[in-house]
Amino acid sequence: MDAYERITRNAAEVVTEEEIEALADDPDGKRAYVGYEPSGVLHIGHMLTANKLIDLQEAGFEVTVLLADVHAYLNDKGSFEDIRHTAERMRDQFIAYGLDESNTQFVLGSDFQLDDDYTLDLHSLELETTLARAERAMAEITSGDSVKVSQAVYPLMQALDIPYLGVDLAVGGMEQRKVHMLARDVLPSIDREPPTSLHTPLIADLGTGRGKMSSSTGVTISMEDSRDDIESKVNDAYCPPTADPEPTDDGEARENPVLQVFEYHVFPRFDTVVVERPEEYGGDLEYDSYDALEAELESGELHPADAKGALAEYLDRLIAPGREQLAE
Ligand code: IYR
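- Labelled according to an unreviewed UniProt entry, the protein chain appears under the name Tyrosine--tRNA ligase, originating from Halorubrum lipolyticum DSM 21995.
- Turning to the protein chain, the UniProt record has this under Function (unreviewed entry): "Catalyzes the attachment of tyrosine to tRNA(Tyr) in a two-step reaction: tyrosine is first activated by ATP to form Tyr-AMP and then transferred to the acceptor end of tRNA(Tyr)."
- In its Sequence similarities (unreviewed entry) section, the UniProt record describing the protein chain reads: "Belongs to the class-I aminoacyl-tRNA synthetase family. TyrS type 3 subfamily."

## As for the pattern of salt bridges
Thought 1: Evaluated as defined, the whole model comprises 19 salt bridges.
Thought 2: When the shortest N-O distance is used, the salt bridge between Asp55 and Lys52 registers 2.9 Å. One end of the pair, Asp55, and the other, Lys52, are both in helix 3 (residues 44-58), 3 residues apart, so they sit about a helical turn from each other.
Thought 3: Taking the shortest distance from any N to any O, the salt bridge between Arg133 and Asp185 comes out at 3.0 Å. Of this pair, Arg133 sits in helix 7 (residues 131-137) while Asp185 is found in helix 9 (residues 177-186), placing the two residues 52 residues apart along the sequence.

## Examining the side chain of Asp205
Thought 1: By secondary structure assignment, the location of Asp205 is in the loop between strand 6 (196-200) and helix 10 (227-235).
Thought 2: Look at Asp205: it is buried, it has no salt bridge, and the nearest opposite charge is Arg210 at 7.3 Å.
Thought 3: Side-chain polar atoms of Asp205 contact the backbone nitrogen of Val219, separated by 3.3 Å.
Thought 4: Among all residues touching Asp205, those that are not within four sequence positions of it are Arg210, Gly211, Lys212, Met213, Gly218, Val219 and Pro257.

## Concerning the sheet that holds strand 4 (residues 104-108)
Thought 1: Sheet architecture is open: 6 strands sit in the order 1-6-5-2-3-4, paired in mixed fashion. Looking at which strands have only one partner, the edges of the open sheet turn out to be strand 1 (13-15) and strand 4. Pairs of neighbouring strands in the sheet enclose a mean axial angle of 20°, with direction left out of account.
Thought 2: In this sheet, strand 6 lies alongside strand 5 (residues 169-173) in parallel orientation, the contact comprising 5 bridges. Following the sheet pairing, Leu169 is matched in strand 6 by Thr196.
Thought 3: Here helix 2 (residues 17-25) sits on the sheet in contact with strand 1, strand 5 and strand 6, set at roughly 100° to strand 6.

## Observations concerning the site of the ligand
Thought 1: With respect to spatial proximity, the complete set of residues near the ligand consists of Tyr33, Gly35, Glu37, Leu66, Ala68, His71, Ile141, Tyr154, Gln158, Asp161 and Gln176.
Thought 2: Gln176 is positioned such that a nitrogen or oxygen atom in its side chain is 2.8 Å from a nitrogen atom of the ligand.
Thought 3: Coverage of the ligand by the protein amounts to 91% of the 390 Å² it exposes when considered alone.
Thought 4: Those elements giving two or more residues to the shell around the ligand turn out to be strand 2 (31-36) and helix 8 (149-165).
Thought 5: If one sorts the elements of the shell around the ligand by residue count, helix 8 sits on top with 3 residues.
Thought 6: Its residues assigned to classes, the shell around the ligand comprises 5 nonpolar, 4 polar and 2 charged.

## Focus on the nonpolar core
Thought 1: Among the nonpolar cores identified, the biggest contains 65 residues, and Val65, Phe94, Leu169 and Phe262 are the most heavily contacted of them.
Thought 2: Of all the elements, helix 13 (residues 304-327) adds the most residues to this core, at 8 residues.
Thought 3: Per-domain counts for this core show at least three residues from each of domain 1 (3-200) and domain 2 (227-327).
Thought 4: Beyond its immediate sequence surroundings of up to four residues, Leu169 is in contact with Ile20, Leu23, Arg31, Ala32, Tyr33, Leu56, Phe61, Thr196, Ser197 and Leu198.
Thought 5: Listed in part, the 29 residues of the second largest apolar core include Val107, Ala137, Ala183 and Ile190.

## Digging into empty space enclosed by the protein
Thought 1: Evaluation of the coordinates by the stated rule reveals 1 cavity of 30 Å³ or more.
Thought 2: Of the voids in this model, the largest cavity is the one considered here, and its volume is about 70 Å³.
Thought 3: Lining the largest cavity are Arg9, Asn10, Leu48, Asn51, Lys52, Asp55, Thr200, Pro201, Tyr264 and Pro268.
Thought 4: The dominant element in the lining of the largest cavity, judged by the number of residues it contributes, is helix 3, at 4 residues.

## With respect to the layout of surface pockets
Thought 1: Approximately 150 Å³ is the volume attributed to the second largest pocket.
Thought 2: What lines the second largest pocket is Ile162, Pro163, Gly166, Val167, Asp168, Leu187, Arg192, Glu193, Pro194, Pro195 and Thr196.
Thought 3: In the lining of the second largest pocket, the residues fall into 6 nonpolar, 2 polar and 3 charged.

Cut-offs used in this document
- Residues numbered from 1 in each chain as written.
- Predicted model: local features only at pLDDT ≥ 70, side-chain atom pairs only at ≥ 80, totals over all residues.
- Heavy atoms only, no water.
- UniProt positions renumbered as here; feature names shortened; annotations may be inferred.
- Salt bridge = Lys/Arg side-chain N within 4 Å of Asp/Glu carboxyl O.
- Helix = DSSP H or I, 4+ residues; strand = E, 2+ residues; numbered from the N terminus.
- Buried < 20%, exposed > 50% of the residue type's maximum accessible area, 1.4 Å probe, protein only.
- Lys, Arg positive; Asp, Glu negative; His and termini not counted.
- Polar contact = N/O pair within 3.5 Å; in protein donor to acceptor, adjacent residues only side chain to side chain.
- Contact = heavy atoms within 4.5 Å.
- Pairing = 2+ DSSP bridges.
- Axes fitted to C-alpha atoms, helices over the stretch in contact; angles between N-to-C directions.
- Near = heavy atom within 4 Å.
- Areas by Shrake-Rupley, 256 points an atom, 1.4 Å probe, with all protein chains shown as cover.
- Nonpolar A, V, L, I, M, F, W, Y, C, P; charged D, E, K, R; others polar.
- Core = buried A, V, L, I, M, F, W, Y, C linked by side-chain atoms within 4.5 Å.
- Domains from an automatic or database assignment.
- 1 Å grid on protein atoms, 1.4 Å probe; cavity = no way out; pocket = protein on both sides within 12 Å on 5 of 7 lines; lining within 4 Å.
- Points joined across faces, edges and corners; volume = space filled by probe spheres on them.

See the structure below:
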């Protein structure tokens, strides 16, 4: 797999392709980052963008993980002290998950976001941005009904993080795309380059295949889960024998979340996936690509129950190091 393929595999969107091609031509010494609001323990949503950071490290990039303590505070996630404490725990979790420690820089937002220069640049961006635009950028990030001033400041700070961290590529889930588009529009007003970004897909709720998997509602998988927890969540997952399930009766789109987790979590980290089956049911199956597994689920060769058994096994392998680290 060449650098461009590794950088862009499983991405829902890159902005822009030409800019990513230029980075892929000479990735050594280039820097990519993801920002995370410290909250709870690492869960499957964090793991999706972390997989992309691992791809980028393998392609030659250096990586920054921003533990966005000030952003979490602006997003009403608790006291600043508690947030800082959570941030420290998250760092160790990312390493346990598989980020290359020798090549990952962890930065707290408060290490630079409270400096004079940053604050003045932030105020310049505030002058350049309408409240309506800032609010739109946050639509997929906050859940509160009433919009607070903090939520208008938040995306502008996220935009400003890119030049202040000196990164060449901003990575995030699709829910971050409007913030990155705002950054492209507004950063030139303070003589900064419009940033390049890459967005990972959103995965549907494991139980229903609808909407998006979220740590606050529905079922999620986290580093705190025991093997039994994982098995029971995966067993209860929605898994019709197709990658394109019918919409619900009221017209809501549905995905197959079991296949999505294989595609975005398992195959990026394992070269082959073995589905264990007793001899009388045909014996073990082995897949060396996501497409091969999807095709056999669709043809009926692979039964959803067997697919789920294998998914629980591989998710457990991904989570075990973080679970052990939490127990220390
Ligand atoms: N908005 C992110 C957190 C975040 C991301 C980046 I990239 C930043 O520079 C700052 C914060 C979230 O929703 O978790």
